[in-house]
Amino acid sequence: MAEQVLVTLDCELLDADEPLLHADDMAALRGDGVFETLLVRRGKALNLEAHLARLAHSAELLDLPETAPSDWRDAVAMAVQRWGDRREGALRLVYSRGRENAGSAITAYVLVSPLNQRVHQARSSGVTVITLERGYASDLKEFAPWLLLGAKTLSYAVNMAAIRYALRNGADDAVFVSSDGYVLEGPRSTVMILRGRELLTPPLDYGVLPGTTQQAVFAMAEEYGFTATYAPLTVVDLINADGAWLVSSVALGARITSLNGIRMPEPAAAVEVARLVDRAVEKAD
Ligand code: PLP
């Protein structure tokens, strides 16, 4: 097994090759829990506070007991220290409801793993993308709270299936589109486009996950001479954009090089945008 680091929320360092979950953990039985993934670089967990805030928000949407951010910070610090500063890692915060019928005892841990080879490829060469139906309208979130839109739950089977479907169809990744024709997000990324000097991303009330990377980018955009706007986007808007990216905590900015088979030329500002994404997550905390 690849080297990994595993630390529980109460700061116990465990052997990641040994079993941790019970067979009746609600994570395994129902995907009933929440998680976060962030980048470890040069011995630091990047944009940690935004991830802790989103974890708390997701947990609240699932009526999970509140956890102390300071406990997560301590566990993350221990895991990152153990991981070291020589290479990047993907750090996951995992929080499930715990064992079935076990009362209030939650399951919570931090796991650091090596980056997948595809991540390096996406950063350096970009990604080819197809659009896929998500099956709900862009305004569903406001009247269907039980669907947990906007929460990062452990139930990612649909997202992983979308990625496998994209791969089977010759693309590297996917972009979900709502039933009323609006661009939503990638199965594990936020969609961001460039029009002139304007960066645009779909509105958060479209039931997408609020991206910590996109938000960090928007907060720093002005410094780089860009304006940042939330706006409804269609697939045609993506194709007509000067540039389009899938942004996320680990892959950072993966430029979309083709969409549904249509080539997307590299914009003059591609290097600038890549630098902005990188700096934004480095400087976010
Ligand atoms: N949307 C979805 C569905 C995701 O799973 C992710 C990240 O995994 C994102 C957006 C991007 O979020 P972040 O920038 O916080 O990694």
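Rules used throughout
- Residues numbered from 1 in each chain as written.
- Predicted model: local features only at pLDDT ≥ 70, side-chain atom pairs only at ≥ 80, totals over all residues.
- Heavy atoms only, no water.
- UniProt positions renumbered as here; feature names shortened; annotations may be inferred.
- Domains from an automatic or database assignment.
- Buried area = accessible area lost by both parts, 1.4 Å probe.
- Salt bridge = Lys/Arg side-chain N within 4 Å of Asp/Glu carboxyl O.
- Polar contact = N/O pair within 3.5 Å; in protein donor to acceptor, adjacent residues only side chain to side chain.
- Axes fitted to C-alpha atoms, helices over the stretch in contact; angles between N-to-C directions.
- Helix = DSSP H or I, 4+ residues; strand = E, 2+ residues; numbered from the N terminus.
- Parallel < 35°, antiparallel > 145°, perpendicular 65-115°, else oblique.
- Contact = heavy atoms within 4.5 Å.
- Nonpolar A, V, L, I, M, F, W, Y, C, P; charged D, E, K, R; others polar.
- 1 Å grid on protein atoms, 1.4 Å probe; cavity = no way out; pocket = protein on both sides within 12 Å on 5 of 7 lines; lining within 4 Å.
- Points joined across faces, edges and corners; volume = space filled by probe spheres on them.
- Left-handed = near helix turned anticlockwise from the far one by under 90°.

Where an unreviewed UniProt entry is consulted, the protein chain appears under the name 4-amino-4-deoxychorismate lyase, with the organism given as Hoyosella altamirensis. Word for word, the UniProt comment on the protein chain under Sequence similarities (unreviewed entry) is "Belongs to the class-IV pyridoxal-phosphate-dependent aminotransferase family."

By a frequent convention, interface size equals the accessible area lost on bringing the separate parts together. When its domains are assigned, the protein chain resolves into domain 1 (5–115) and domain 2 (119–283). Centre-to-centre, using C-alpha coordinates, domain 1 lies 25 Å away from domain 2. For the domain 1 and domain 2 pair, buried surface summed over both sides reaches about 1,900 Å², with 60% attributable to carbon and sulfur atoms. Its largest share of buried area at the contact with domain 2, domain 1 owes to F35, R54 and L115, together 30% of the area lost on that side. The tally of links between domain 1 and domain 2 comes to 4 salt bridges. E282 is paired through a salt bridge with R41; the nearest N and O atoms lie 2.7 Å apart. Linking domain 1 with domain 2 are 13 residue pairs in polar contact (both at pLDDT 80 or more), by the criterion used here.

Two elements in contact, helix α6 (residues 212–220) and helix α8 (residues 270–283), have axes whose closest approach is 8 Å; the angle formed by their N-to-C orientations is 100 degrees. In terms of orientation, α6 and α8 fall into the roughly perpendicular class. Facing T213, A216, V217 and M220 of α6, the residues of α8 in contact are L276, V277, R279, A280, V281 and K283. For the contact of α6 with α8, the residue count by class is 7 nonpolar, 1 polar and 2 charged.

What the rule picks out here adds up to 3 cavities of 30 Å³ or more. Empty space within the largest cavity amounts to approximately 50 Å³. Along the walls of the largest cavity sit L52, L55, A56, T67, A68, P69 and W72, which together make up its complete lining. Broken down by secondary-structure element, the contributors of at least two residues to the lining of the largest cavity are α2 (48–61) and α3 (69–83).

Moving on, we come to the packing of α2 against α3. As a packed pair, α2 and α3 sit with axes 11 Å apart at the nearest point and diverge in direction by 135 degrees. Between α2 and α3, the angle is such that the two are oblique. Here α2 runs over α3; the crossing is right-handed. Each of L48, E49, L52 and L55 in α2 lies in contact with α3, whose residues at this interface are P69, W72, R73 and V76. Across the contact of α2 with α3, the residue classes tally to 6 nonpolar, no polar and 2 charged.

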